[in-house]
Amino acid sequence: MPGLVVFGRRWGIASDDLVFPGCFELFVRVLWWIGTMILYTYHRGHFDCNGRGVLHSYLVGLLVVLALIILSLLAIVYVSARGTITNSGPRRSIPALVYLRALLYLPELVWACLGAVWVSDDSQGCDPATVGSVSWIILLFTGVGVVFVFDPLGNPRPQPAAMEPLGVPDMQSNEGAQFLFTARSLAVKVWESRLRLLCCCLPQDESHRAAFSSIAQLFTRFFSDTDLVPSDIAAGLALLHQEQDKMEQSRDPEVIIDHSPSSPIGEDLETELEKAAHCMQFAAAAYGWPLYIYSNLLTAPCKLSGDCCRSRAGEYDIVGGDHLGCHFSSILLSTGLQYRDFIYVSFHNQIYEIPFFVALDHKREAVLVAVRGTLSLKDVLTDLSAECENLPVEGVSGACYAHKGICQAANYIYKKLINDGILNQAFNIAPEYKLVITGHSLGAGTASVLAVLLRSSFPTLQCYSFSPPGGLLSKALADYSKDFVVSVVLGKDLVPRLSMPNMEDLKRKILKIVSNCSKSKYRILLQGCWYELFGGDPDDFPTEMDDRREEELSQPLLGEESLMIRHSSSYQSLASDDSPAHTAAHLPLFLPGRILHITEDGPSRRSCFSQVRYRADWSNEMAFRSILISPRMLADHMPDAVLGALGSLTTDRPFSLCPSSSNNSQHHTI
């Protein structure tokens, strides 16, 4: 922090990011130099082939070039390791060293071409093995690395005439406003291009272009006011994880309710756990054959092999988009239902249109609607359409809005269920059954919004939402849904804590903690990797800013005046005080319904094959207003992990879950 400025533009790396790549190249170069020296020493005095003069000159020149490159790399690694993330003063000579290192590519390229000509000319009677070709490999990897760190927004643009160091008045001037508008427009276009490239396999129709534009604007608003590079974020997450663990360990033990799953729990909680465990089987089954094979690696291929390619023309009237039948076969195997129990099954998948099925659950006497979670790029686009959309509900006072992408997906299923008469068909078969809606992740959010839409028509409906996204419903709708929605969250799952206000809060915490830390970035990353893999005691975080006032560290953007108030020729903040990013704060969104939080009992670190015990407690949406950093923040979101935890609680048996993770209840956040 900030991004490195060389060759007239800002790049996606900082001056302290060259330690690890420099050490790796240094290791390769030293080995190469030693090998060349051994080769030269072995042939010294025995250059008796026709091209001995060229070969001798080539090896000597190669040794000299390699020696110069090694010296330049030593200097780059040494200087890059100095200072801290925010204090780049000790690294001010890095641009000059980068220019020197780039200049050394010229003689290396000449020597590489000479070696190529030498080999193509049959080495002029000499052994071709004496001519190295490592240069071409290194040059190739260098080119790939340049592509990765290239920042399309890094080209410094001409500033308005007679511009002084930017202050608040300058930011409010017409020229400054025009400059910022142009920069924001460019940023949106760059993000749109990235999304189109990432989703190049998807049709570029109007709906996808609209989604790309919406997501690009969201990303622009979030990233435009920071000069963080990816490694800064990684270092900040490593520091924040240890800080959160340290605060968790110092918490008063009395606030933790410690009981094992076998101890008596409330009747309501026990009943809800049994219902949730049952519904989770259908939510997981909605993922089709990918999750079924992943969960049953040894037996699933054999069980599905006889069904996937079998011709079942009569079934395609209800199973859409499942050409080989593998999805539907896996659903039958996962749920234990018969084909006749399914009313409607759809695997149609487009942006804002996700797969779901409707079946008769005779065990619980319910018409069950299960919605699939994220499993494709189209689903990801639906997830990322995180703007707010109005969702008026009769009888609910207060602001009613929800996640845009999920709201549109719920409306798609709602129209299918009501307009196509799917629910009428189901209740004509089983009029005494009640309606139950379930889903996991994206499917959980969609199921919750769908339950809100159907509540007036089906007052007794119940919804079980597993690992729903945190930025889902407004406070009024979240409170309204508590009568019929139960959300289940496992451990430190990231997704139920994922919302734009939480992301902004995470960004502020990262900026504050990296500004305070006095360690070099490479040390933070090394110690962070060690802590994640092997545990230990959290670091004490020595600081270099202890004398700075708290209000100075809580300033917006980077917490550094130079990146917002003072002009930087390398990188200009794209947000201003009068921009929409500042005048319109992100609307708060919450988890739906009552929240059942499942955590682990036992030590924070355990062996891979140790037994795990879980506990379940009722929580509230405010306990998920902060993102927690953990090795299990993604693993706890997986449907098989949620299903295993619920199975452990309801069957009263320890459940083996690997790899090791942290266990503490997350009702306390920083």
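Quantities reported herein were computed from a predicted structural model and do not represent experimental measurements.

A cluster of nonpolar side chains, namely Val 60, Val 64, Leu 68, Leu 71 and Leu 74, defines an oily patch on the protein surface of about 420 Å² accessible area. As for its position among the elements, Leu 74 is in helix H2 (residues 52-80).

Let us look at the state of the cysteines. Working definition: the covalent bond between the sulfur atoms of two cysteines is a disulfide. One pass over the structure, following the stated rule, counts zero disulfides. Looking at Cys 279, it has no disulfide partner, and the nearest cysteine sulfur is the one in Cys 463, 8.9 Å off. In this structure Cys 279 comes out as buried when scored by relative accessible area, which is 4%.

Take the packing of aromatic side chains next. Tallied over the entire structure, the rule returns eight aromatic pairs. Relative to Tyr 339, the ring of Phe 328 has its centre 5.7 Å away and its plane inclined at 90°; by these criteria the two rings are edge-to-face. With Phe 328 in helix H13 (residues 326-335) and Tyr 339 in the loop between H13 and strand S4 (342-346), the pair connects residues that are 11 residues apart, well separated along the chain. Taken together through their ring pairs, the aromatic side chains of Phe 328, Tyr 339, Phe 342 and Phe 357 make up a single cluster. The ring of Tyr 105 has Arg 101 sitting right over it, with the charged end atom 4.0 Å from the ring centre. The ring centre of Phe 590 lies 5.5 Å from the NZ or CZ of Lys 475, which sits over that ring.

The subject of this paragraph is a positive patch on the surface. Taken together, the side chains of Lys 275, Lys 363, Arg 364 and Lys 434 present a region of like positive charge at the surface. If you trace the backbone, Lys 275 turns up in helix H10 (residues 267-285).

With numbering matched to this structure, UniProt assigns "transmembrane region" (unreviewed entry) to residues 18-42, 54-78, 98-119 and 131-150. Along residues 18-42 the backbone is 96% helical and 0% strand, and the end-to-end C-alpha distance reaches 35 Å.

Another aspect to go through is the pairing of strand S5 (residues 356-361). Of all the six residues making up S5, six are buried; the element is thus mostly covered by neighbouring parts of the structure. Neither face of S5 is open: one carries Phe 356, Val 358 and Leu 360, the other Phe 357, Ala 359 and Asp 361, and all of them are buried. Across four bridges, the pairing between S4 and S5 is antiparallel. Along S5, the bridge assignment pairs Phe 342 with Ala 359. Two strands pair when backbone bridges link them, and S5 and strand S6 (residues 366-371) are joined in this way by six bridges, in the antiparallel orientation. Bridge pairing links Phe 356 to Val 371 in S6.

So, how was this worked out
- Residues numbered from 1 in each chain as written.
- Predicted model: local features only at pLDDT ≥ 70, side-chain atom pairs only at ≥ 80, totals over all residues.
- Heavy atoms only, no water.
- Patch = residues over 30% accessible without salt bridge, like charges linked within 9 Å, V, L, I, M, F, W, Y side chains within 5 Å.
- Areas by Shrake-Rupley, 256 points an atom, 1.4 Å probe, with all protein chains shown as cover.
- Salt bridge = Lys/Arg side-chain N within 4 Å of Asp/Glu carboxyl O.
- Helix = DSSP H or I, 4+ residues; strand = E, 2+ residues; numbered from the N terminus.
- Disulfide = S-S within 2.5 Å.
- Buried < 20%, exposed > 50% of the residue type's maximum accessible area, 1.4 Å probe, protein only.
- Phe/Tyr/Trp six-rings, centres within 6.5 Å; stacked < 30°, edge-to-face > 60°.
- Lys NZ or Arg CZ within 6 Å of the ring centre and 35° of its normal.
- Lys, Arg positive; Asp, Glu negative; His and termini not counted.
- Charge placed at Lys NZ, Arg CZ, Asp CG, Glu CD.
- UniProt positions renumbered as here; feature names shortened; annotations may be inferred.
- Pairing = 2+ DSSP bridges.

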